[in-house]
Amino acid sequence: MTLQAAPKQPADSGKALYGGKGTRRITVHDIAAAKERGEKWPMLTAYDAMTASVFDEAGIPVMLVGDSMGNCHLGYESTVPVTLDEVLILSAAVVRGTRRALVVGDLPFGSYQEGPVQALRSATRLVKEAGVGAVKLEGGERSLPQTEMLVQAGIPVMSHLGLTPQSVNTMGYRVQGRGDEAAHRLLRDAKAAQDAGAFAVVLELVPAELAAEVTRSLHIPTIGIGAGPDTDAQVLVWTDMAGLTGGKVPRFTKQYADLRRTLGDAARAFADDVVGGTFPQEEHTFH
Ligand code: KIV
């Protein structure tokens, strides 16, 4: 008798970050294990409990309560005006709306640049009051003391390199890391963040070849946004991804739905019913 070979399964399919069977909350250890398995994974931003619960049910393993909330949720022109209190309130909502995702709270401009003690004070509030599992901050070498302090205190840190929107007033919105010197600086920043204990690095708006090189050089995962196909993970701002953002969106975004049109159509249909006297009807009415 010959034994039938079992159907071939990916080695750790049950543990996969996306599509895995686990129900407990994902931790930075799961993220590290995914890099070892060579698994790619998705991250989305989220700013409220209801949207976060939809993404959680869809299996999105990591949600970033990004300071992109400034432009995408709070009506500011950039991320710069966002306050720690605003990030706290929205992070707590996203934590309440999720059961499985690792929720990462963004440290907004002005909440960590003074130094490690300020960073620790701000990050501690996000962990204790909002319940996030990790925080994100911008900068590699320039934010090393902050990263080291947070990691030593037991707070997982996601680093953000390349285009760092909190520096828009000096940096502008353009591709970073072009040219040998800038590329070396980015690689140095990424390694510095890793050496300081960061568990992942966001690479925003950098050439694909450089992002691939950084990804190969690090043992922690890279998360790309406008950084080509070879990073370990990809992140999109959810309102861009779902077509809710009005006006121009960055070229690196892919729109997977047209929520702006869908919501507008729903609002117009409701208004037409009210004006035309066809809502409410008997089934919506109490006697
Ligand atoms: O704030 C944010 O949404 C971000 C992502 C673009 C990575 O930093």
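Residues numbered from 1 in each chain as written. Predicted model: local features only at pLDDT ≥ 70, side-chain atom pairs only at ≥ 80, totals over all residues. Heavy atoms only, no water.

- Per an unreviewed UniProt entry, the recorded name for the chain is 3-methyl-2-oxobutanoate hydroxymethyltransferase, and the organism is Streptomyces ficellus.
- Of the chain, the UniProt comment under Function (unreviewed entry) reads exactly: "Catalyzes the reversible reaction in which hydroxymethyl group from 5,10-methylenetetrahydrofolate is transferred onto alpha-ketoisovalerate to form ketopantoate."
- Turning to the chain, the UniProt annotation filed under Catalytic activity (unreviewed entry) states: "(6R)-5,10-methylene-5,6,7,8-tetrahydrofolate + 3-methyl-2-oxobutanoate + H2O = 2-dehydropantoate + (6S)-5,6,7,8-tetrahydrofolate". (UniProt positions renumbered as here; feature names shortened; annotations may be inferred.)

### Considerations on the pattern of salt bridges
Oppositely charged side chains are able to pair whenever their charged atoms sit close together.
Here is step 1: Applying the stated criterion across every chain, the model contains 10 salt bridges.
Here is step 2: For Lys35, the salt bridge is made with Asp232, and the minimal N-O distance between the two is 2.8 Å. Of this pair, Lys35 sits in helix α1 (residues 28-37) while Asp232 is found in the loop between β7 (222-225) and β8 (233-236), placing the two residues 197 residues apart along the sequence. Like Asp232, Lys35 is buried.
Here is step 3: Two residues, Arg125 and Glu129, come together in a salt bridge whose shortest N-O distance is 2.9 Å. (Salt bridge = Lys/Arg side-chain N within 4 Å of Asp/Glu carboxyl O. Helix = DSSP H or I, 4+ residues; strand = E, 2+ residues; numbered from the N terminus. Buried < 20%, exposed > 50% of the residue type's maximum accessible area, 1.4 Å probe, protein only.)

### What to know about the side chain of Asp232
Here is step 1: With a relative accessible area of 13%, Asp232 lands in the buried category.
Here is step 2: Separated by 2.9 Å, the side chain of Asp232 and the backbone nitrogen of Thr222 make a polar contact.
Here is step 3: Setting aside its immediate chain neighbours within four residues, Asp232 contacts Lys35, Glu39, Lys40, Trp41, Thr215, Ile220, Pro221 and Thr222. (Polar contact = N/O pair within 3.5 Å; in protein donor to acceptor, adjacent residues only side chain to side chain. Contact = heavy atoms within 4.5 Å.)

### Re the UniProt feature "active site" (unreviewed entry) in the chain
Here is step 1: Per the UniProt record, "active site" (unreviewed entry) is found at Glu204.
Here is step 2: Along the chain, Glu204 falls in strand β6 (residues 200-204).
Here is step 3: Not counting the four nearest positions on each side in its chain, Glu204 is found in contact with His160, Leu161, Gly162, Leu163, Pro165 and Ile225.
Here is step 4: In this structure the side chain of Glu204 is engaged in a polar contact, spanning 2.9 Å, whose partner is the side chain of His160.

### Section: the UniProt feature "binding site: Mg(2+)" (unreviewed entry) in the chain
Here is step 1: If you check UniProt for "binding site: Mg(2+)" (unreviewed entry), the listed places come out as Asp67, Asp106 and Glu138 in our numbering. The largest pairwise C-alpha distance within this set of annotated residues, which runs over 72 residues, is 10.9 Å, so the set is compact in three dimensions.
Here is step 2: Position of Asp67 among the secondary structure elements: in the loop between β2 (62-65) and α3 (69-72).
Here is step 3: A relative accessible area of 4% means that Asp67 is categorised as buried.
Here is step 4: Beyond its immediate stretch of four places on either side in the chain, Asp67 contacts Thr79, Val82, Asp106, Glu138 and Gln166.
Here is step 5: Within the secondary structure layout, Asp106 lies in strand β3 (residues 102-106).
Here is step 6: Non-local contacts of Asp106, meaning those with residues more than four positions away in its chain, are made with Val65, Gly66, Asp67, Val87, Leu126 and Lys136.

### Notes on the packing of helix α2 (residues 49-57) against helix α4 (residues 84-97)
Here is step 1: Relative to each other, α2 and α4 sit at 40°, their axes nearing to 7 Å. The orientation of α2 relative to α4 falls into the category oblique. The two elements α2 and α4 cross, and the hand of that crossing is right-handed. The residues of α4 that touch α2, namely those facing Ala49, Ala52, Ser53 and Asp56, are Ala93, Val94 and Gly97.
Here is step 2: Here the residues of the contact of α2 with α4 sort into four nonpolar, two polar and one charged. (Axes fitted to C-alpha atoms, helices over the stretch in contact; angles between N-to-C directions. Parallel < 35°, antiparallel > 145°, perpendicular 65-115°, else oblique. Left-handed = near helix turned anticlockwise from the far one by under 90°. Nonpolar A, V, L, I, M, F, W, Y, C, P; charged D, E, K, R; others polar.)

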